[in-house]
Amino acid sequence: MIAGLLQYLLLAHAMVVGSVQLLTRDNWHEHITGRHDWFIMFSQQGCPHCKRLEPMWEAMETRLGAAGEGVRVGRVNVSTDNGIALTFDVERFPTLLLLSADGRAYEFQERRRSLPLLSAFATGGYRNQLSSLAVPTTLRPNEPQWWLLLRSLWKPLKQTVVVAFS
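(A) Layout of the sheet that holds strand S3 (residues 71-77). One open sheet holds the six strands; their spatial order is S1-S3-S2-S4-S5-S6, and the pairing between them is mixed. Of all the strands in the sheet, just strand S1 (21-22) and strand S6 (133-134) have a single pairing partner and so form its edges. Direction of pairing for strand S2 (residues 37-43) relative to S3: parallel, over a ladder of seven bridges. Bridge pairing in S3 places Trp-38 opposite Arg-72.

Right, here's the structure in full:
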C-alpha cells in the first residue's frame, strides 16, 4: 500500500515538474509540431562538456515548466540519432538550439552557460539574434559512425594537401 502510494506520488511529481524529453527520429515529428518553442541540447555520449551541462539542462526543464513559459526542453543523443544533428549542421557538442513555434532555429552562442542566461534566451532572448536556419520539415537519415569520422577528418586533410602542394 505504502509502496503504491509512493510510486503514485513520484509519478504525479514527474508529471507536474516534467523532465527533459529525449527526441529521436521516431518521435521528432510528434513533438516538434510548431505549436511550442523547443530548447534542445544536442549531446554526444562520452562528451565531458555534455555531461557537465546535463544537471543544468534538467534544472532548465524544471524552471521553465514551473514558470509556465510554454517552452519545451529536449535532448538529442547524437550518438544514436546523428541524422537530426546532420539536418541542423551540428558539429560541436553540446550545441543548444531553440526551435521557435514560427519555424526558425536559433543557436545559443554564449560561451558562459548559466541557468539565468539559458532561461533568458529561451523565454525570448533568442529574438535578439538573427535566425540562421528555418526548421526543416524532413530529417536526414542516420549515417554510419565510420562515415562521420571520415567526414570530420576530410576538412583538415584537404587543407593539409592544399598546403603541401602549394
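(B) A look at the packing of aromatic side chains. Enumeration over the complete set of coordinates arrives at seven aromatic pairs. Consider the rings of Trp-28 and Phe-88, whose centres lie 5.9 Å apart with planes at 55°: the pair is tilted. Of this pair, Trp-28 sits in helix H2 (residues 28-31) while Phe-88 sits in the loop between helix H4 (82-87) and strand S4 (95-99); the two residues are 60 residues apart in sequence, bridging distant segments of the chain. Grouping residues by exposure puts Trp-28 and Phe-88 together as buried. A connected cluster of aromatic rings, assembled from ring pairs, spans Phe-39, Trp-57, Tyr-106, Phe-108, Phe-121 and Tyr-126.

Rules used throughout
- Residues numbered from 1 in each chain as written.
- Predicted model: local features only at pLDDT ≥ 70, side-chain atom pairs only at ≥ 80, totals over all residues.
- Heavy atoms only, no water.
- Pairing = 2+ DSSP bridges.
- Helix = DSSP H or I, 4+ residues; strand = E, 2+ residues; numbered from the N terminus.
- Phe/Tyr/Trp six-rings, centres within 6.5 Å; stacked < 30°, edge-to-face > 60°.
- Buried < 20%, exposed > 50% of the residue type's maximum accessible area, 1.4 Å probe, protein only.

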